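# Reading the structure
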Amino acid sequence: MYRQRFLYSLYRHTHWVRCAKFSSDGRLIVSCSEDKTIKIWDTTNKQCVNNFSDSVGFANFVDFNPSGTCIASAGSDQTVKVWDVRVNKLLQHYQVHSGGVNCISFHPSGNYLITASSDGTLKILDLLEGRLIYTLQGHTGPVFTVSFSKGGELFASGGADTQVLLWRTNFDELHCKGLNKRNLKRLHFDSPPHLLDIYPRTPHPHEEKVETVEINPKLEVIDLQISTPPVVDILSFDSTTTVSILEQRLTLTEDKLKDCLENQQKLFSAVQQKS
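Structure report, in brief. (Residues numbered from 1 in each chain as written. Predicted model: local features only at pLDDT ≥ 70, side-chain atom pairs only at ≥ 80, totals over all residues. Heavy atoms only, no water.)

## So, the sheet that holds strand β13 (residues 143-148)
Spatial strand order, β13-β14-β15: 3 strands in an open sheet with antiparallel pairing. Because the sheet does not close on itself, it has two edges, and the strands there are β13 and β15 (164-168). In this sheet, adjacent strand axes meet at a mean angle of 20° when their direction is disregarded. In this structure, β13 lies alongside strand β14 (residues 154-159), joined through 5 bridges in antiparallel fashion. Residue pairing across strands places valine 143 opposite glycine 159, the latter belonging to β14. (Pairing = 2+ DSSP bridges. Helix = DSSP H or I, 4+ residues; strand = E, 2+ residues; numbered from the N terminus. Axes fitted to C-alpha atoms, helices over the stretch in contact; angles between N-to-C directions.)

This is how it looks when you write it as structure tokens:
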């Protein structure tokens with residue numbers, strides 16, 4: 001019978017440790033504590049190699065992005081922060097919740113981050129554009145956990161209301177596999193900074209979609225360019241079924257193209273009739 005064996009302890013925190021996660025290549029561990037610090041540990045020499053501190057609140061949850069180049073933290077002070085672990089730099093800082101943030105999860109592409117909060121909402125952040133794109137309301141109390149599926153097409157959330165809700169995403173699957181392959185080549189800790197996961201060096205998948213609209217379950221069109229992101233409420237739905245509310249994402253560009261093709265078809269038909 002195989003037996004588990006204790007290896008070693010990492011001592012540097014001075015208060016309760018809330019979370020600890022491995023990087024994709026297993027070389028690094030990130031941990032967060034109520035001592036208001038986030039620490040990066042090298043598993044080879046068993047030393048703390050990076051330290052991030054906050055004077056306001058502590059992190060409830062922390063995790064690496066898929067490439068292992070950045071970490072994101074979920075703060076008790078209602079904030080979400082994204083750091084580069086190689087240059088020790090804060091890249092993005094979000095204040096989108098009205099309650100403590102309990103959990104986060106990176107989409108496999110590394111382009112999106114979902115958050116779960118005690119304010120009862122889930123929020124989806126577009127890391128490439130640096131903005132909030134969705135607010136999801138399905139739980140009737142604090143949301144404590146959320147996680148994307150391996151392929152990123154689904155995510156599940158759990159809360160104080162004793163429910164586990166399953167959601168379907170509408171993210172760009174075409175770019176996900178390519179990004180995953182490229183990320184595997186950038187897992188070495190000593191690699192030079194490469195911030196593609198945060199700031200794009202190539203056109204963003206949504207770059208051509210200047211004005212985007214979202215269709216919610218009630219078939220009401222919501223403009224994503226307004227200052228307040230769309231809020232999706234699923235409390236009226238049966239919680240035992242899969243909630244699929246992010247499946248249809250239309251753009252005005254596509255609508256204009258459709259109208260153009262229809263007009264061309266009408267002109268072509270008219271010319272044929274005259275001839």
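## Remarks on the pairing of strand β10 (residues 112-117)
Within β10, 6 of the 6 residues are buried, which leaves the element mostly enclosed by the surrounding structure. The hairpin formed by strand β9 (residues 101-106) and β10 contains 5 residues between the paired strands, and glycine 110 there has a positive phi angle of roughly 80°. As paired elements, β10 and strand β11 (residues 122-126) share 5 bridges and run antiparallel to each other. Bridging across to β11, alanine 116 finds its partner in leucine 122. (Buried < 20%, exposed > 50% of the residue type's maximum accessible area, 1.4 Å probe, protein only.)

## Observations regarding unusual backbone geometry
Unlike most non-glycine residues, glutamine 78 shows phi in positive territory, near 75°. By the secondary structure assignment, glutamine 78 is in the loop between β6 (70-75) and β7 (80-84). Taking the relative accessible area as the measure of exposure, glutamine 78 reaches 32% and is therefore partly exposed. Even without a glycine there, the phi angle at threonine 162 is positive, about 70°. Here threonine 162 lies in the loop between β14 and β15.

## Digging into the pairing of β15
Going residue by residue along β15, you find Leu165 and Trp167 tucked away on one face and Val164, Leu166 and Arg168 left uncovered on the opposite face. A loop of 4 residues connects β14 with β15, the two strands running antiparallel in sequence, and threonine 162 in this loop sits at a positive phi of about 70°.

## Remarks on the nonpolar core
In terms of nonpolar packing, the biggest core is built from 44 residues, with Ile38, Ile40, Ile71, Leu113, Leu122, Ile124 and Phe155 touching the most fellow members. Setting aside residues up to four positions removed in sequence, leucine 113 forms contacts with Ala72, Val80, Ile104, Ser105, Phe106, Lys123, Ile124, Leu125 and Leu127. (Core = buried A, V, L, I, M, F, W, Y, C linked by side-chain atoms within 4.5 Å. Contact = heavy atoms within 4.5 Å.)

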